Every structure is written in C-alpha cells, then in structure tokens.
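Letter by letter, the chains look like this.
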Amino acid sequence: MSHKSRLTWRVNEIVIVSVVAVACAVVFWVWDIGVSPAAKTIFAAVPEYQPLIGGAWLLAGVLGGYLIRKPGAALYCEVVAAFISVLLTGGAFSGEILLAGLIQGVGAEIAFAVFAYRRWNLPVAVFAGALAGLFMGGNEILIYYPDMEPTKAAIYIVCSVLSGLVMSGIGSWALTKALAKTGVLASLASGAQARTVQA
C-alpha cells in the first residue's frame, strides 16, 4: 500500500465510520439514561470511583480509529458520536458533551499516531483506550471536580484509565475481530488484516 493510499480516506471509509459514530451515539444515550444514574447513586459517597463505568463513552474514538486505521478516524468518530448524542438528549449539556468528545477523541488519536498508524493489535487498542480514559478523567476533574482532594483526583483518573482500557480498548479490539468474521469489514484495512491472520 502506497503512503498516499494509506493516509487518504475513501468514500466507503467515511460512510462506515459515520455509521459507527451513529451506533456509538445510541450506546452513549442508552448508557446515559440506563447506567449513569444508577452509577451516580451507587458511587454517591465515593465519586472518585464513578469513572469505572465511563469507558463506554470512549468507545467511538477507539473503535473508529481501530476500524479505519487512518489519521483523524478516532477524532472524527468520537466528535460525530458526541454531536449526535447531543441531538438525542435534546441539546442538554451540549457544550460539555462536545468538548468531552473532542478531548477523548484526541486521546485515542494520539495513541494511534504514536505508532504512526502502522501497528494494529490488542496492546495498541488497549493503549488507545487507556489514553482516551486519561484525557477523559483529566477533563472531568477540571470541569466537575476542581476542588477534589488530590488523592481522590488520582483515584478518579486511574479509574478512568482502567475503564477506558477495558471497555473501549479491549472492547474495540473484540468488536473489530467479531465484525471481521462476518465479512462486513472486507473493504477496510482491519478486514484485510483479519483475512491475513486467518490465512
């Protein structure tokens, strides 16, 4: 594959990552109304542990980047998913949600860029999920808990990283493998890698 083709987006890749963003936005919405309220209640006395369920909100960036495997895919997918989730929630907290999507997408994007968009395996996906979680935790501390005690803030960020690592990192890797087996990724680099491994 030439350097240009490795970096240039094709129309089908834009369509696929946009569909993934929409699907992730629905996941965000379901998570927001079905899981987040329960987590806030459970962790009311210990809010520093609440990010343990936050990895679901990082799924779009890591999954989009891992599927498309080109610069900008992680950021694009996370930001589009955040925008659609704003529409699904009627515009509530739109500024915070869009900012979070941007920051989390940047975290995942940096992780893939570290490997020059050339390495695609479980450790890379885990690193992307963890870095997106780090960016999420830092952003939320600054916005929602600026007065949190340093020890609790550290726990908050560690929980964010762990959740991102498992839910979006391992989750994206597993989803990509499952989708590749169905053949729907045949036109993507992620599908081509799956065929090479199977061969």
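Cut-off values and rules
Residues numbered from 1 in each chain as written. Predicted model: local features only at pLDDT ≥ 70, side-chain atom pairs only at ≥ 80, totals over all residues. Heavy atoms only, no water. Helix = DSSP H or I, 4+ residues; strand = E, 2+ residues; numbered from the N terminus. Buried < 20%, exposed > 50% of the residue type's maximum accessible area, 1.4 Å probe, protein only. UniProt positions renumbered as here; feature names shortened; annotations may be inferred. Phe/Tyr/Trp six-rings, centres within 6.5 Å; stacked < 30°, edge-to-face > 60°. Lys NZ or Arg CZ within 6 Å of the ring centre and 35° of its normal. Polar contact = N/O pair within 3.5 Å; in protein donor to acceptor, adjacent residues only side chain to side chain. Expected span 1.5 Å × (residues − 1). Bend = angle between axes of the 7 residues up to and from the residue.

Details of the environment of Lys70
Inference 1: Checked against the element boundaries, Lys70 lands in the loop between helix 4 (59–68) and helix 5 (73–88).
Inference 2: The spatial distance from the C-alpha of Lys70 to the C-alpha of Ala108 is 12 Å, given a sequence separation of 38 residues.

Digging into unusual backbone geometry
Inference 1: Unlike most non-glycine residues, Arg69 shows phi in positive territory, near 65°.
Inference 2: By the element assignment, Arg69 lies in the loop between helix 4 and helix 5.
Inference 3: Take Arg69: its relative accessible area is 6%, and that puts it in the buried class.
Inference 4: Of note in this structure, Tyr117 is not a glycine but carries a positive phi near 55°.
Inference 5: Inspection of the secondary structure assignment puts Tyr117 in the loop between helix 6 (94–114) and helix 7 (122–144).

Some points on the UniProt feature "transmembrane region" (unreviewed entry) in the protein
Inference 1: When the UniProt feature table is mapped to this numbering, "transmembrane region" (unreviewed entry) covers residues 12–31, 51–68, 75–93, 99–117, 124–147 and 153–175.
Inference 2: With 74% helix and 0% strand, residues 75–93 has end C-alpha atoms that lie 20 Å from one another.
Inference 3: As annotated, residues 153–175 comprises 100% helix and 0% strand, and the C-alpha atoms at either end are separated by 31 Å.

Examining the packing of aromatic side chains
Describing an aromatic ring pair means giving the distance of the ring centres and the angle of the ring planes.
Inference 1: All told, the structure shown has five aromatic pairs when counted by the stated rule.
Inference 2: On the basis of an interplanar angle of 40° and a centroid distance of 5.1 Å, the ring pair of Phe112 and Trp120 is categorised as tilted.
Inference 3: For Trp120, a relative accessible area of 10% translates into the label buried.
Inference 4: Each member of the aromatic cluster is reached from another via a ring pair, and the members are Tyr66, Phe112 and Trp120.
Inference 5: Above the ring of Tyr66, the side-chain terminus of Arg69 is found at 4.6 Å from the ring centroid.

Describing the side chain of Lys70
Inference 1: Looking at Lys70, the relative accessible area reads 6%, which means it is buried.
Inference 2: For Lys70, the side chain forms a polar contact with the main-chain oxygen of Thr8, separated by 2.5 Å.
Inference 3: A polar contact is formed between the side chain of Lys70 and the side chain of Glu13, at a distance of 3.0 Å.

Topic: helix 8 (residues 150–182)
Inference 1: An ideal rise of 1.5 Å per residue puts 48 Å on 33 residues; helix 8 measures up with 47 Å between its terminal C-alpha atoms.
Inference 2: At Gly171, helix 8 shows its largest bend, some 30°.
Inference 3: By the burial criterion, the buried members of helix 8 are Ala153, Tyr156, Cys159, Ser160, Ser163, Gly164, Ser168, Gly169, Gly171, Ser172, Thr176 and Ala180.
Inference 4: Phi for Gly183, located one or two positions after helix 8, is positive at around 95°.

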